[in-house]
Amino acid sequence: MPELPEVETIRCDLEKVLVGKKILGVETDAEKLFSPSFKEVLKGVAGQTIKAVGRQAKLLYFSLSNSQYLLVHLKMTGRLLVREKGTPCDEWQHATFVLEGGKELRFADLRLFGYLKLVDSTQKLGEVLGEYGPEPLKDMSLEDFRSAVKGRRKPIKLMLMDQAVISGVGNIYANEALFEAGIDPRRQAASLTDKETSLLFAGIEKVLTEGLHYRGTTANDDKYVDAYGKKGQYQEHLRVYGREGLPCPKCQGKIQRIALGGRGTFFCPACQQ
DNA sequence: TTCGTCCTGGTA
DNA sequence: TACCAGGACGAA
């Protein structure tokens, strides 16, 4: 699923191709994806030029020449693809932005959980982005992380996935970071020692950086692809995620899968205490 | 703070 | 044919 490294990979791809392009029109067979409504989004974007492609955590946004913004969240199975006009439809394609110069930006989503939302001012964009906590690799220091962990009683893995506390980390990278730090995902956040907190913060930075380097993770039934439809490569380097029953890369013991907060959680019971 | 909900393709 | 995955949000 698209998390920080995947969304950033897509953002970079899109930035290269889309900045300076004018949106001629939008087509869809799923108006419910659009907020506040398809008609309003169409009115807001048609005829506008894309000035920049931004990202905060897992949310992408396009800055338009009329000072409005189109926000796109891919949730779990959303894709943004750049294609030449007239090429065959993509799997699960539900919206098409027709661009000047013969290209199209396509939104595809198997589960239709994603959304495309128009906000009409920089202030409103700020309000939406303000819901997110700081991002590792960008605006979160070890000290910030320490104070976030302090006093939180929920399991550390759920805290890592709480976008209001630390943004951009999802299920895959939370599992991997906890393995790197040797911490049991069920541990209460507040129970971590200073040393463990440092190890975990370093682990988060490590796995996100690796994920970016390999252009994201396309694991098992994962639907993530970049803006050209290509899979990521980080799944070749995962230590625990999706590896139930396989040997732990550190101790050769079996990776275990449990549910935590209703989400699949993978860890090595021997290495993660 | 936890739980149900949104949704569909794939699997048991 | 029933069930499961799962990010984020609203409801309990």
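Use the structure listed above.
Quantities reported herein were computed from a predicted structural model and do not represent experimental measurements.

A. Just empty space enclosed by the protein, in detail. Under the definition given, this model contains one cavity of 30 Å³ or more. Here the largest cavity defines a volume of roughly 40 Å³. Lining the largest cavity, in full, are I23, I50, F62, L64, L70, F97, L99 and L105. Broken down by secondary-structure element, the contributors of at least two residues to the lining of the largest cavity are β4 (59–64) and β7 (93–99).

B. Spatial organisation of the layout of surface pockets. Roughly 830 Å³ of volume is contained in the largest pocket. Around the largest pocket, the lining comprises 30 residues; the ones closest to its centre are M1, M76, M161, N171 and R263. If you tally residues by element for the lining of the largest pocket, the top one is strand β11 (residues 263–267), at three residues. Partitioned by chemical class, the residues of the lining of the largest pocket number eleven nonpolar, nine polar and ten charged.

C. Examining the protein's contact with DNA strand B more closely. Neighbouring DNA strand B are K32, W92, L110, R111, L112 and F113. Protein-adjacent atoms of DNA strand B, using a 4 Å cutoff, are sugar or phosphate at a proportion of 63%. Between DNA strand B and R111, the relevant distance is 3.2 Å, taken from a sugar or linking oxygen to a main-chain nitrogen or oxygen of the residue.

D. Layout of the sheet that holds β7. Ordered by their spatial adjacency, four strands build an open sheet running β1-β7-β8-β6, and the pairing between neighbours is antiparallel. The open sheet terminates on both sides in strands that have one partner only, identified here as β1 (23–28) and β6 (78–84). Strand-to-strand twist in this sheet, taken as the mean axis angle between neighbours without regard to direction, amounts to 20°. Where helix α2 (residues 38–45) meets the sheet, its contacts fall on β1 and β7, and the angle it forms with β1 comes to roughly 165°.

E. The arrangement of the protein's contact with DNA strand C in detail. Taken together, the neighbourhood of DNA strand C is formed by 14 residues, with M1, H73, M76, R111 and R263 sitting nearest. Sugar and phosphate atoms constitute 54% of the interface atoms of DNA strand C, taking the interface as everything within 4 Å of the protein. With respect to DNA strand C, the side chain of H73 contributes an N or O atom lying 3.0 Å from a phosphate oxygen. Within the side chain of Y241, a nitrogen or oxygen atom sits 3.0 Å from a phosphate oxygen of DNA strand C. Among the residues making up the surface near DNA strand C, the classes are represented as five nonpolar, four polar and five charged.

F. Here's a closer look at the pairing of strand β5 (residues 69–73). Among the five residues in β5, five count as buried, and that is most of the element. Covered by surrounding structure in β5 are Y69, L71 and H73 together with L70 and V72, the residues of both alternating faces. Here β4 pairs with β5 via five bridges, running antiparallel. Its bridge partner lying in β5, S63 is registered against Y69. With five bridges connecting them, β5 and strand β9 (residues 115–119) associate as antiparallel partners. Bridge pairing links L71 to K117 in β9.

Conventions we followed
- Residues numbered from 1 in each chain as written.
- Chains lettered and ligands numbered in written order.
- Predicted model: local features only at pLDDT ≥ 70, side-chain atom pairs only at ≥ 80, totals over all residues.
- Heavy atoms only, no water.
- 1 Å grid on protein atoms, 1.4 Å probe; cavity = no way out; pocket = protein on both sides within 12 Å on 5 of 7 lines; lining within 4 Å.
- Points joined across faces, edges and corners; volume = space filled by probe spheres on them.
- Helix = DSSP H or I, 4+ residues; strand = E, 2+ residues; numbered from the N terminus.
- Nonpolar A, V, L, I, M, F, W, Y, C, P; charged D, E, K, R; others polar.
- Near = heavy atom within 4 Å.
- Polar contact = N/O pair within 3.5 Å; in protein donor to acceptor, adjacent residues only side chain to side chain.
- Pairing = 2+ DSSP bridges.
- Axes fitted to C-alpha atoms, helices over the stretch in contact; angles between N-to-C directions.
- Contact = heavy atoms within 4.5 Å.
- Buried < 20%, exposed > 50% of the residue type's maximum accessible area, 1.4 Å probe, protein only.

Any functional reading would require information that these geometric values do not contain.
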